[in-house]
Amino acid sequence: MTSPLLQTYARADIEFEKGEGAWLVTRSGERYLDFGAGIAVNALGHCHPHLVEALTAQAGKLWHTSNLVRIPEGERLAQRLVDATFADNVFFTNSGAEALECAIKMARRYHSSKGQPERFHIVTFEGAFHGRTLATIAAGGQKKYLEGFGPKVEGFDQVAFGDWEALEAVVGPQTGAILIEPIQGEGGIRAVAPEALRRLRKFCDERGLLLILDEVQSGVGRTGKLFAHEWAGITPDIMAVAKGIGGGFPMGACLATAEAASGMTYGVHGTTFGGNPLAMAVGNAVLDVVLAPGFLDQVARTGLLLKQRLAALKDRHPGAIAEVRGEGLMLGLKLAVPNTEFVDAARANRLIVIGAGDNVVRLLPPLTIGEAEVSEALERLEATAAAVEAARSVEKGAA
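The structure reproduced in this document is the subject of the present report. (Residues numbered from 1 in each chain as written. Predicted model: local features only at pLDDT ≥ 70, side-chain atom pairs only at ≥ 80, totals over all residues. Heavy atoms only, no water.)

### Quick word on helix H4 (residues 96-113)
For H4, which comprises 18 residues, the first-to-last C-alpha distance of 25 Å matches the rise-based estimate of 26 Å (1.5 Å per residue) to within 8%. Along H4, the residues that are buried comprise Gly96, Ala97, Ala99, Leu100, Cys102, Ala103, Ile104, Met106, Ala107, Tyr110 and His111. Of the residues one or two after H4, Gly115 is the one with positive phi, at around 85°. (Helix = DSSP H or I, 4+ residues; strand = E, 2+ residues; numbered from the N terminus. Expected span 1.5 Å × (residues − 1). Buried < 20%, exposed > 50% of the residue type's maximum accessible area, 1.4 Å probe, protein only.)

### Overview of the nonpolar core
With 80 residues, the main nonpolar core has Phe35, Leu167, Ile178, Leu310 and Leu333 as its most contacted residues. In terms of residue count, helix H9 (residues 277-290) provides more of this core than any other element does, eight residues in total. With sequence-adjacent residues up to four places away left out, Leu333 is seen in contact with Leu310, Ile321, Glu323, Val324, Phe342, Asn359, Val360, Val361 and Leu363. Ala135, Ile238, Ala242 and Ala260 belong to the second largest nonpolar core, which has 25 residues in total. (Core = buried A, V, L, I, M, F, W, Y, C linked by side-chain atoms within 4.5 Å. Contact = heavy atoms within 4.5 Å.)

### What to know about the packing of helix H3 (residues 72-84) against H9
One can describe the packing of H3 onto H9 by two numbers: an axis separation of 9 Å at closest approach and a directional angle of 35°. As H3 runs across H9, the sense of the crossing is left-handed. When H3 is examined against H9, the residues Glu73, Gly74, Arg76, Leu77, Arg80 and Leu81 are found in contact with a partner set consisting of Met280, Ala281, Gly283, Asn284, Leu287 and Asp288. For the contact of H3 with H9, a count of residues per class yields five nonpolar, three polar and four charged. (Axes fitted to C-alpha atoms, helices over the stretch in contact; angles between N-to-C directions. Left-handed = near helix turned anticlockwise from the far one by under 90°. Nonpolar A, V, L, I, M, F, W, Y, C, P; charged D, E, K, R; others polar.)

### Some points on H3
Here H3 spans 18 Å end to end across 13 residues, near enough to the 18 Å set by a 1.5 Å rise per residue. For H3, the complete set of buried residues consists of Gly74, Leu77, Ala78, Arg80, Leu81 and Val82.

### Some points on the environment of Asn339
Here Asn339 shows up in helix H11 (residues 339-348). For Asn339 and Gly283, which are 56 residues apart along the polypeptide, the C-alpha to C-alpha distance reads 33 Å. Sequence-distant contacts of Asn339, defined by excluding residues within four places in its chain, comprise Gly355, Ala356, Asn359, Val360 and Val361.

### Regarding the sheet that holds strand S14 (residues 330-335)
Pairing is antiparallel in the open sheet, where four strands are placed in the order S13-S14-S17-S16. Bordering the open sheet on either side are strand S13 (321-327) and strand S16 (354-356), each of which pairs with just one other strand. Strand-to-strand twist of the sheet, defined as the mean angle between neighbouring strand axes without regard to direction, takes the value 30°. Sheet analysis places S14 next to strand S17 (residues 360-363), joined by four bridges and oriented antiparallel. If you follow Leu333 over to S17, its bridge partner there is Val361. (Pairing = 2+ DSSP bridges.)

### Here we look at the pattern of salt bridges
All chains considered together, the criterion is met by 22 salt bridges. In this structure, Glu30 and Arg350 form a salt bridge, with 2.8 Å as the shortest nitrogen-oxygen distance. You can see Glu30 sitting in the loop between strand S2 (23-26) and strand S3 (31-34) and its partner Arg350 sitting in the loop between H11 and strand S15 (351-352), a full 320 residues away along the chain. With a relative accessible area of 31%, Glu30 lands in the partly exposed category. In this structure Arg350 comes out as partly exposed when scored by relative accessible area, which is 28%. The partner of Glu376 in a salt bridge is Arg380, with the nearest N and O atoms 2.8 Å apart. Placement of both Glu376 and Arg380 in helix H12 (residues 371-398) is noted, with a separation of four residues, approximately one turn of the helix. Its relative accessible area of 26% is what places Glu376 among the partly exposed residues. What makes Arg380 buried here is its relative accessible area of 15%. Ionic contacts of the salt-bridge type, sharing partners, join the residues Glu168, Lys202, Glu206 and Arg207 into one network. (Salt bridge = Lys/Arg side-chain N within 4 Å of Asp/Glu carboxyl O.)

Spelled out as structure tokens, the structure:
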């Protein structure tokens, strides 16, 4: 079959008709356990009744007005995010890449408004992924995403992950900010240690740099805290959020302190669809669930249970799994076999997992999973690990 869709994805030959919690169902009725959640997007699983109700109710009233008028549900959602975080201001977007674009512009505008327009450089880190726009692929710095798109957008200086000497060396009069993911998602579930985040916060404070956190994947409860940086006890100046905040509805946000946002004055930035009534209704519904008493504690407990059982799985299958990484329900398996083989074998066992850099597969289940689904996932991962080990053994024998 041919498709009119632009062929920029190597799509698996499988179609889902509906979803129920942590499960996806094909047209023929086959049920797959979804430990990818649409790449950490479906934070509350598929068709969560509270989200369905909120979206349906809003869809029957008003879809779009533009930001030329007030949108009460957007103001309410922004206030709730401010109340729950470090931020004073919120700008709503349609995606994580747009939230990062806003963060980059905000950091540059901040220094320009202070009379230092030369301080537009932002330091980023090897293995980062910040989106697919021209600015965010430059920020990520990965050659495979940059190739063929002309000159790289200026102003991004990249250093090796965890290399403090390189960071010291690259920061100069041109530097305005540091951008980092508390846990790299696409880069292979590589976590920044809490003490390193605290050191980075101090480093920025001493040099007048803004600290920008990309919590597009790690945020909205994914690690057992509302945002991953909370484990380190620090706050950023600017933060990009998306994925889980919409629970499956396209939505992002850029959060900032009043000081960091001080350059973002009337007319300097905008969006047509960002913050529309549909997205705001769903975003508020997501927070209703995630901020409910005990919810994040349960995510942390479930994540610990899953990580412990994955560690035991690794010990039983060293030929397939080399390391368990991550926090909460943002976990990764560093593999001893190609991760593409593992993803395919997992799908054959009716389990959805997501590939990542550094030969890792990501486990990003809905935050609402329980022990029964953890047990079911482990059974399917066990079968997957055994299958890939057996296939490797056959290959070695044939050689």
